[in-house]
Amino acid sequence: MEVKTAESWRKYLEKEFQQPYFADLVIFVKEAYRQHKVYPPAKEIFRAFDLCSFEATKVVILGQDPYHGPGQANGLCFSVREEVAIPPSLVNIFKEIHHQLAAEIPSHGNLERWAKQGVLLLNATLTVQASTPGAHQKKGWEQFTDAVISTISQEKEHIVFLLWGVYAGKKEHLIDRGKHMVLKSPHPSPFSAHRGFFGNEHFVRANGYLKKNNLAEIVW
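Everything numeric here is computed off the predicted structure, so don't read it as measured data.

A. Representation of the pattern of salt bridges. Inspection of every chain in the model, using the stated rule, returns eight salt bridges. For the salt bridge of Arg 81 with Glu 44, the shortest nitrogen-to-oxygen distance reads 2.8 Å. Here the residue Arg 81 occupies a position in the loop between strand S2 (59–63) and helix H4 (88–101), and Glu 44 occupies one in the loop between strand S1 (38–39) and helix H3 (47–51), the gap between them amounting to 37 residues. We classify Glu 44 as buried; its relative accessible area is 10%. Residues joined by salt bridges that share partners form a network here, namely Arg 47, Glu 112 and Lys 116.

See the structure below:
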């Protein structure tokens with residue numbers, strides 16, 4: 001694994017790249033790509049950072065694992081390549097955006113356009129073995145992405161953190177709520193969306209907070 005991240009992030013994360021745990025993580029990931037089918041493609045592992053600079057970041061959405069099916073994962077949480085069927089959780093996200101903002105439901109699930117507007121689409125684990133969800137958990141990725149969240153919280157102001165589901169909600173302790181907006185709800189998965197994701201008003205509330213702080217709203 002070649003660690004290439006946008007320069008704007010590198011100066012904040014360089015200390016993580018130098019840690020012993022990260023060296024061990026690199027060895028693990030390189031071996032995983034050599035021995036197994038792993039997603040996303042290696043060149044897209046850090047794509048969330050490439051498309052959304054540190055300076056531009058206004059919203060953070062946290063996922064867990066990349067998608068583990070063929071051709072799905074593209075380095076952005078909840079996002080898939082344009083030629084891939086939209087996954088159920090993302091269908092529900094689009095439904096909620098439509099309900100809140102009367103926005104047209106997209107024909108594809110590539111969320112690159114969000115990333116380019118300042119939405120960091122961050123998975124807690126940046127790689128996964130094909131058809132084996134969770135295979136790369138507890139190998140070091142979570143320590144790295146926790147450091148990303150903490151760094152954003154410490155170094156920036158007026159960020160909206162969207163934490164959907166129990167796993168994402170546990171990251172709340174990394175965020176200074178005095179400086180940022182934290183919005184929590186159940187996960188958009190079909191198994192939980194009806195327990196509070198639908199109707200959470202997160203997209204309207206996020207834009208309201210950005211506008212209040214003189215930041216451009218996201219075109220969801």
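B. Layout of empty space enclosed by the protein. In total, this model carries one cavity of 30 Å³ or more according to the counting rule given. Of the volumes computed, that of the largest cavity is approximately 60 Å³.

C. A look at helix H1 (residues 7–17). Along H1, the residues classified as buried are Ser 8, Trp 9, Leu 13, Glu 16 and Phe 17. Taken down its axis, H1 places every buried residue within 105° of arc, on the same side. Projecting away from the buried face of H1 at angles above 90 degrees are the exposed residues Glu 7 and Lys 11.

D. A look at helix H8 (residues 202–212). Those residues of H8 lying buried are His 202, Phe 203, Ala 206, Asn 207, Tyr 209 and Leu 210. Along H8, the residues classed as buried sweep out an arc of 160° about the axis, all on the same side. Structural note: H8 exposes Lys 211 and Lys 212 on the side pointing more than 90 degrees away from its buried face. Each element contacted by the buried residues of H8 is listed here: S2, H4, strand S5 (160–164) and strand S6 (181–185). Note on H8: the residue one or two positions beyond its end, Asn 214, has a positive phi of about 60°.

E. The arrangement of the sheet that holds strand S3 (residues 119–123) in detail. Taken together, the four strands give an open sheet; going across it, the order is S3-S2-S5-S6, and neighbouring strands pair in parallel fashion. The sheet is open, and its two borders are formed by S3 and S6, each paired with just one other strand. Averaged over all adjacent pairs, the angle separating strand axes in this sheet is 20°, with direction ignored. Sheet topology places S5 next to S6; five bridges connect them, and they run parallel. Bridge pairing in S6 places Leu 163 opposite Lys 184. Across the sheet, helix H6 (residues 141–155) lies against S2, S3 and S5, angled at about 155° from S3, the strand it touches most.

F. Just the layout of surface pockets, in detail. Quantified by volume, the largest pocket comes out at close to 480 Å³. Lining the largest pocket we find 25 residues, and of these Gln 64, Asp 65, Tyr 67, Phe 78 and His 187 sit closest to its centre. Counting residues per element, the ones that place at least two in the lining of the largest pocket are S2, H4 and helix H7 (165–169). Here the residues of the lining of the largest pocket are counted per class, giving 14 nonpolar, 10 polar and one charged.

G. Local environment of the pairing of S2. In terms of burial, S2 is a largely internal element, five of the five residues being buried. When S2 meets S3, the two strands line up parallel, connected through five bridges. Within S3, the residue paired with Val 59 across the bridge is Val 119. One ladder, built from three bridges, connects S2 with S5; its direction is parallel. Paired with Ile 61 across the bridge in S5 is Leu 162.

H. Focus on unusual backbone geometry. Of note, the amide linkage connecting Tyr 39 to Pro 40 takes the cis form, showing an omega dihedral of -5°. Its identity as a non-glycine residue notwithstanding, Lys 138 has a phi of 60°, on the positive side. Structurally, Lys 138 is set in the loop between strand S4 (128–129) and H6. The backbone phi angle of Asn 214 is positive, close to 60°, even though this residue is not glycine.

Conventions and cut-offs
- Residues numbered from 1 in each chain as written.
- Predicted model: local features only at pLDDT ≥ 70, side-chain atom pairs only at ≥ 80, totals over all residues.
- Heavy atoms only, no water.
- Salt bridge = Lys/Arg side-chain N within 4 Å of Asp/Glu carboxyl O.
- Helix = DSSP H or I, 4+ residues; strand = E, 2+ residues; numbered from the N terminus.
- Buried < 20%, exposed > 50% of the residue type's maximum accessible area, 1.4 Å probe, protein only.
- 1 Å grid on protein atoms, 1.4 Å probe; cavity = no way out; pocket = protein on both sides within 12 Å on 5 of 7 lines; lining within 4 Å.
- Points joined across faces, edges and corners; volume = space filled by probe spheres on them.
- Arc of directions from axis to C-beta.
- Contact = heavy atoms within 4.5 Å.
- Pairing = 2+ DSSP bridges.
- Axes fitted to C-alpha atoms, helices over the stretch in contact; angles between N-to-C directions.
- Nonpolar A, V, L, I, M, F, W, Y, C, P; charged D, E, K, R; others polar.

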